[in-house]
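A structural walkthrough
Here are the chains, one letter per residue:
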Amino acid sequence: MKYQNAADLLPAELLQQVQAYIDGELLYIPQSAPRRTWGTKSGSRSYYQKRNREIREQHSLGISVSALASRYHLSVSTIKKIIYR
């Protein structure tokens, strides 16, 4: 994130109003668009949801927790968290 001088960007009247509230201090202005949730842009969220669904389905078919841990290269405790969530 790069800092920009408000005097170069804002009209003089608006700059004076902002200075009345926060003169010489740093001010963060968030983006107007809402932030995306984790993993939606890269597709990792849907990947993990699908994987976890498969793990739950396979466990309901009788595949053991240790076999699922080995198959998905995850720890037994992680498989348990996925199953019992």
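For every chain, the first residue of its written sequence is number 1, and the numbers climb from 1 along that sequence. Per-residue local features of the predicted model are confined to residues with pLDDT of at least 70, and side-chain atom pairs are confined, for both listing and counting, to 80 or more; whole-chain, interface and lining totals are unaffected and use all residues. Where side-chain values are given, they derive from all heavy atoms of the structure, hydrogens and water being excluded.

For the protein, an unreviewed UniProt entry supplies the name Mor transcription activator domain-containing protein and the organism Candidatus Eisenbergiella pullistercoris.

1. Re the packing of helix α4 (residues 65-72) against helix α5 (residues 76-84)
At a closest axis distance of 9 Å, the pairing of α4 and α5 adopts a crossing angle of 110°. Looking at the two axes, α4 sits roughly perpendicular to α5. Each of V65, S66, L68 and A69 in α4 lies in contact with α5, whose residues at this interface are V76, I79, K80 and I83. Residues were grouped as follows: Ala, Val, Leu, Ile, Met, Phe, Trp, Tyr, Cys and Pro as nonpolar; Asp, Glu, Lys and Arg as charged; and all remaining residues, including Gly, as polar. Grouping the constituent residues of the contact of α4 with α5 by class yields 6 nonpolar, 1 polar and 1 charged. Between N-to-C directions, angles span 0 to 180 degrees; the directions come from axes that are lines fitted to C-alpha atoms, helices contributing only their stretch in contact. In this text, helices come from DSSP runs of H or I with a minimum length of four residues, and strands from runs of E with a minimum of two, each type numbered from the N-terminal end. Every angle not falling under 35 degrees, over 145, or within 65 to 115 is termed oblique; those three ranges are roughly parallel, roughly antiparallel and roughly perpendicular. Contact criterion: two residues are considered in contact whenever any of their non-hydrogen atoms come within 4.5 Å of each other.

2. Focus on unusual backbone geometry
Residues other than glycine seldom take positive phi values, yet H73 does so here, at roughly 55°. Note on placement: H73 falls in the loop between α4 and α5.

3. A word on a positive patch on the surface
Like-charged residues are merged into a patch within 9 Å and nonpolar side chains (Val, Leu, Ile, Met, Phe, Trp, Tyr) within 5 Å, provided each residue has over 30% relative accessible area and no salt bridge. Values of accessible area rely on a 1.4 Å probe in the Shrake-Rupley scheme; residue burial ignores everything except the protein chains shown. Criterion for a salt bridge: a side-chain nitrogen of Lys or Arg within 4 Å of a carboxyl oxygen of Asp or Glu. Positive charge is attributed to Lys and Arg, negative charge to Asp and Glu, and no charge count is given to His or to the chain ends. Throughout, a charge is located at the NZ atom of Lys, the CZ atom of Arg, the CG atom of Asp or the CD atom of Glu. Residues R53, R56, K81 and R85 make up a contiguous surface patch of positive charge. Among the secondary structure elements, R56 is positioned in helix α3 (residues 44-60). For R56, a relative accessible area of 34% gives the class partly exposed. Only protein chains enter the accessibility calculation, which uses a 1.4 Å probe; a residue whose area is less than 20% of its type maximum is buried, one above 50% is exposed, and one in between is partly exposed.

4. Overview of the packing of aromatic side chains
What counts as a ring pair is set by centres within 6.5 Å for rings of Phe, Tyr and Trp (its six-membered ring), and what kind of pair is set by the plane angle: stacked under 30 degrees, edge-to-face over 60, tilted for all other angles. Inspection of every chain in the model, using the stated rule, returns 2 aromatic pairs. Judged by centre distance (6.3 Å) and plane angle (25°), the ring pair of W38 and Y48 falls under stacked. Remark: Y48 occurs in helix α3 and W38 occurs in the loop between α2 (12-21) and α3; sequence separation between them is 10 residues. The class for Y48 is partly exposed, based on a relative accessible area of 35%. Ring geometry for Y47 versus Y48: centroids 5.0 Å apart, planes at 70°, classification edge-to-face.

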